[in-house]
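# Topology and contacts: notes
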4 protein chains.
Amino acid sequence: MLVVMSPRALPADIERVCDEITRQGFKPLPMPGATRTAIGLLGDDAKVDWGYIEGLPGVASVLIVQKPFRQAAREWKPENTVVEIAPGVRFGEGPIPVVAGPCSVESETQILEAARAVRAAGAVALRGGAFKPRSSPYAFQGLGVRGLELLALARRETGLAIVTEAMDERGADLVAEHADCIQIGARNMQNYALLKHVGRLGRPVLLKRGLSATINDLLLSAEYILAEGNANVILCERGVRTFDSATRNMFDLTAIPVVQKLSHLPMVADPSHGTGLRGMVTPMARAAVAAGADGILVEVHPAPDQALSDGAQTLFPDQFAELVRQLRAIAAAIGRELATLPSPA
Amino acid sequence: MLVVMSPRALPADIERVCDEITRQGFKPLPMPGATRTAIGLLGDDAKVDWGYIEGLPGVASVLIVQKPFRQAAREWKPENTVVEIAPGVRFGEGPIPVVAGPCSVESETQILEAARAVRAAGAVALRGGAFKPRSSPYAFQGLGVRGLELLALARRETGLAIVTEAMDERGADLVAEHADCIQIGARNMQNYALLKHVGRLGRPVLLKRGLSATINDLLLSAEYILAEGNANVILCERGVRTFDSATRNMFDLTAIPVVQKLSHLPMVADPSHGTGLRGMVTPMARAAVAAGADGILVEVHPAPDQALSDGAQTLFPDQFAELVRQLRAIAAAIGRELATLPSPA
Amino acid sequence: MLVVMSPRALPADIERVCDEITRQGFKPLPMPGATRTAIGLLGDDAKVDWGYIEGLPGVASVLIVQKPFRQAAREWKPENTVVEIAPGVRFGEGPIPVVAGPCSVESETQILEAARAVRAAGAVALRGGAFKPRSSPYAFQGLGVRGLELLALARRETGLAIVTEAMDERGADLVAEHADCIQIGARNMQNYALLKHVGRLGRPVLLKRGLSATINDLLLSAEYILAEGNANVILCERGVRTFDSATRNMFDLTAIPVVQKLSHLPMVADPSHGTGLRGMVTPMARAAVAAGADGILVEVHPAPDQALSDGAQTLFPDQFAELVRQLRAIAAAIGRELATLPSPA
Amino acid sequence: MLVVMSPRALPADIERVCDEITRQGFKPLPMPGATRTAIGLLGDDAKVDWGYIEGLPGVASVLIVQKPFRQAAREWKPENTVVEIAPGVRFGEGPIPVVAGPCSVESETQILEAARAVRAAGAVALRGGAFKPRSSPYAFQGLGVRGLELLALARRETGLAIVTEAMDERGADLVAEHADCIQIGARNMQNYALLKHVGRLGRPVLLKRGLSATINDLLLSAEYILAEGNANVILCERGVRTFDSATRNMFDLTAIPVVQKLSHLPMVADPSHGTGLRGMVTPMARAAVAAGADGILVEVHPAPDQALSDGAQTLFPDQFAELVRQLRAIAAAIGRELATLPSPA
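Below: a short report on this structure. None of the values given here were measured: they were computed from a predicted structure.

### Quick notes on the interface of chain B and chain A
By a frequent convention, interface size equals the accessible area lost on bringing the separate parts together. The interface is formed by 34 residues belonging to chain B together with 34 residues belonging to chain A. Residue assignment for the side of chain B that touches chain A shows that the elements contributing at least two residues are helix H2 (50-54), helix H6 (192-201) and helix H7 (215-226) of chain B. Here the element with the most residues in the side of chain B that touches chain A is H7 of chain B; it accounts for 4 residues. Split into classes, the residues belonging to the side of chain B that touches chain A amount to 15 nonpolar, 11 polar and 8 charged.

### What to know about the relation of the copies chain D and chain A
When chain D is fitted to chain A, the best match, at an RMSD of 0.0 Å, comes from turning it 180 degrees and sliding it 0.0 Å along the axis. A rotation of that kind, with that shift, is consistent with a two-fold axis. Measuring from the rotation axis to each C-alpha of chain D, the shortest distance belongs to alanine 287 of chain D, at 2.0 Å. Taken as a fraction of all interface residues of chain D, those also at the interface in chain A reach 100%, which identifies the copy contact as same-surface.

### A closer look at the environment of alanine 339 of chain D
Residues and elements named next belong to chain D. Tracing the backbone shows alanine 339 in the segment after helix H11 (317-333). Sequence-wise, alanine 339 and valine 105 are 234 residues apart; in three dimensions their C-alpha atoms are separated by 24 Å. Look past the residues within four positions of alanine 339 in its chain and what remains in contact with it is Val89, Pro95, Ile96, Pro97 and Val124.

### Some points on the relation of the copies chain B and chain A
Think of it as a corkscrew move, a rotation about one axis and a shift along it, taking one chain copy to the other. Expressed as a screw transformation, the operator carrying chain B onto chain A has a rotation angle of 180 degrees and an axial translation of 0.0 Å, and the superposed copies differ by an RMSD of 0.0 Å. Most of the interface of chain B is mirrored in chain A: 100% of its interface residues are interface residues there too.

### Notes on the interface of chain D and chain A
Each partner contributes residues to the interface: chain D has 33 residues there, and chain A has 33 residues. At the level of elements, helix H7 (215-226), helix H8 (255-262), helix H10 (278-291) and H11 of chain D are the ones that each hand at least two residues to the side of chain D that touches chain A. Element by element, the count of residues in the side of chain D that touches chain A is highest for H10 of chain D, at 8 residues. Considering only residue class, the side of chain D that touches chain A consists of 20 nonpolar, 9 polar and 4 charged.

### Remarks on H11 of chain D
Between its first and last C-alpha, H11 of chain D extends 25 Å over 17 residues, near the 24 Å set by a 1.5 Å rise per residue. Of the positions making up H11 of chain D, those classed as buried are Pro317, Phe320, Leu323, Leu327, Ile330, Ala331 and Ala333 of chain D. The buried residues of H11 of chain D occupy an angular sector of 165 degrees when projected down its axis, which confines them to one face. In H11 of chain D, the exposed residues that point more than 90 degrees away from the buried face are Asp318 and Arg325 of chain D. Where the residues of H11 of chain D are buried, they touch helix H10 (278-290) and helix H11 (317-333) of chain A together with strand E7 (98-101), helix H3 (108-121), H10 and strand E14 (296-299) of chain D. Phi for glycine 335 of chain D, located one or two positions after H11 of chain D, is positive at around 80 degrees.

Reading the values: the criteria
Residues numbered from 1 in each chain as written. Chains lettered and ligands numbered in written order. Predicted model: local features only at pLDDT ≥ 70, side-chain atom pairs only at ≥ 80, totals over all residues. Contact = placed C-beta atoms within 7 Å. Helix = DSSP H or I, 4+ residues; strand = E, 2+ residues; numbered from the N terminus. Nonpolar A, V, L, I, M, F, W, Y, C, P; charged D, E, K, R; others polar. Least-squares fit on C-alpha atoms with pLDDT ≥ 70 in both. Expected span 1.5 Å × (residues − 1). Buried ≥ 20, exposed ≤ 12 C-beta atoms within 10 Å, placed from the backbone. Arc of directions from axis to C-beta.

Function cannot be inferred from these measures alone, as they are strictly geometric.
Below you can see the structure in the form of structure tokens.
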């Protein structure tokens, strides 16, 4: 940590900051400069109370060296964390899993058709919302528990692992009961009560980056789950909000190698939400694998033009099958491969 | 609504869109142009299923005319909604209430001192967090229920109304029991489960704009509360996240007159979070009143340099007293005045 | 400056950074921490070559303490700079000047009518574009030199000072010849060739903040002009680009007190471009004065609904007269007043 | 175009808008809705004067259907434009060119070493700045004309085509004389005087996306060059500015397929500026090729840790050679290949 004093700070101000650093158990190191003094601090500054020092008279700013997340950091655990959400469906090393399915579970026919189609094309897990966060209270909000039961049915029929979103604590309990991996959506990335709850549940969690979350924020939210003793956290880039409305979101693929450098947790990419446009899903899924993603999430629907939500960004089954073929080629080009399940039931 | 077809759309594509519009119970109005056709739609298009039409072949984009929120819109209710959180503490017309207090409730002494100081200076309500959403799981998380009890004590001692945040449903029930107005923080603005819950509680809600929420998003989140039958919603501008880190957030004061034009709900401003810098709170609070804010929220602490959170943006009591004096002058300049409580207990 | 080493930096890496700091003429101060070492630097670090050090092996990041601008900084010159663009029209202290006029100069009748109307209402300077930067090459690009001559005519008729934009070096020479203050528009804020040129011309410059310029960027661009020996620089907040399209730009009024703290240069506000909506200009102009702006720029046209550009954000003359009345009241509330010219010619 | 009237618009307001549309030579088509009327317009609405209609009484907003750029649009020219900057160095179809070289030309030794190294590794063009736009006036500004001469020397020695930036009109003339392709940097993307000038020069132009430019803005800036009769325009994604400072910029790779859909112009990617971090250049260059980029620009320096600018994002020659190997594999995976020059001189 470095405390930067104002050019008009008095000697007494500098002394007070040094005293406070000493009081907190660290060693202050004043560095007088041409126009101002800075004060370094020796020791593990993750434990320092910044707010207090920042508010002292004469302090211009506080520069923090230590990352504010700990257990999520690669310094804490140098080797990759591998999150296995179901037997053989592993994120974080080895073959790359593809997760696919409709935005929402709509009916038994729809979800079984979707599951069979994505299974046949090469997906190893099924995604589909039973609880849907929608900007408008008047939009379709999902089938709820019935949707979870249909997902469980699809798992029995196809062997696909199930990833589905929870929006509150009761929902998380239900998802934990019926599915393999609890998704926390972008809008709830900083719903700390929910993060702590899924931390305590101990089940694999797919944590999506919030619309305006920095990479640092994403890792801090993961830290909430890890701090409860649950290390089964998969992070997900799904686009952030910027000034350009040419695409629904701006898909920040650089976040993939950046997170992989900062953290040991697996980082996957969702090009469907990341772009919001069907025609962009295939090139950007290829790009995500080329950038090193530990998994891909894609929206696929048996009949996207009849989907109750997100129709415009959802692939047709044959488009998805072609996408998987292309992803296999890209994975091979970087010395990896796509994950596979045993031959279909 | 206007459906814009691609320049390469076939006549059959156009016909299919028209058929679909008819099927949904509206009247299509094709408008052939030089390079492409657009199809208008007559009727109350808030009920149209956009997703479906957007996904049809040959559709380039769908332009929505109707605002997606209804009960929050001024069209729904032309006159201002007035939210009274406690006898005489009214937001939305007449005198402008000032809400002040520390970021967190820390102790009985601290909150009582803060309450007396802000009461003496002219505040009509006390703010202070018992449940604190913090980016880091290792930061101070608030006193919880004990904090709520201390706020209730401060109310008995000073007559100030109480505004405090809830982060989950259980917390909202507790806040409803001890306080006058339930605050929903920026990070939970799209926590729809929580919005529905406070909608059902029927108590006044202060809904803060999310870090990357558009004004439209804010009004849609308010709609979640209104749709449950609770019209006591106060909106709050508290800064959004942009590319410039010169201030903690970018304080979007234009949102005040824009929301007041679009909606009948009161819109207040929080210059403490809006700027994140103590030295900016006073000029920006003045600016907020000059822009027409229906209320002001300010962080004040008896000893900001010892605050457990947000110390750097918190006013000293004497700075707050001076701020209130300046706000009175600005309010008078635009033909308004600040709200007052009966003479102190 | 603080050089933060990676947790995996070798002792030799640390040594190399120290050697390089010494080689550049400064004193290195290593600070070993719990997981990594940081290296402080004593002396005037504005002269250090960051790029080189940042690229050395084992360096994680470089934190810069010194602001990168010098002559624009308040440390360089503690008292306010006052820029007088014409006799009695002074920005930076005392009465607040209001600059008003149409987006573009369109004809002799139009500019003279506009000039007389804004003069009568209380403006002390006339704005109006002769050279117009337009996103589309097919939009009206301004009258050019003829526009400058009409502005000069309006000055003779009304006594108003003239502020008008230059888009290239030849244009700047022409503006310097006909007008009182050369405006550099948002799109050219980092056109360094143009900044240097107007620096050498020595005439007052109104420098508008770029659409995505940080406050730091704005001051660095001002530094380009100051570094050529021209201290007559007025800065201008005119809105930045963010994720919300509810208004044309996001009007960052906090930039006013922030710039005034960091720099001695005057900072004015343009609520017409800052909001892009006629109905928002008046409340946000009031807010700008309440926030401490050193001047206000407003678009006014004799007949906004016939304006060749920016009609939707332009005030009618009677709206402008009412605006000036309101600004007078706000200025009085903060102990200031609006600037005035001697009684009209 | 669709003119959306306010819910409170009077019948006379609607009539006036219809009259104005008729007066401008188009046919108005009023569509009364549940709460408001919208008015469609038949014909080529690219020629309509929006500003005027937007400013009429009772108009809430104007939705524009037609894209505001013309010659840059795919509707104007369905097949890809191929820009050949030197014999065999073609952007827009066939083999993908890699352009590489240092941020700045620093000396004869440096640029010749760089040129030979990138030539040997597989680049077909050399980049390197002779005129450098720097945020600070005190930073290294480039060697100027001497830099251009050294680039021309490197071309003679290696056969590489030369791409280098111009910052003003005189500079553009010099670049046209010495180099093969004139680069317009991000900060000058809306320097319209410069765009028109390079349009008239008729030489190939590499136009970089501005820091906060939408894709629409980028295409409009290209339109300035095309409108002067110069169709040799290569567009370049190089990262935009957002709220996250984890990387220097946010690299918007989705812009590649989006531009290729909207326009016939080639679109290349610059992962060096797009990420600002050496360790991210290789994965993101791979991602750019996987997303369909028509070329790659990379910063390479014989000794990045001694570079006078951008050292931290510049590759070592051996890293670049490895990058080219990986790009070849990715290109092959999507059925393309990298461009090559005849065997080295």
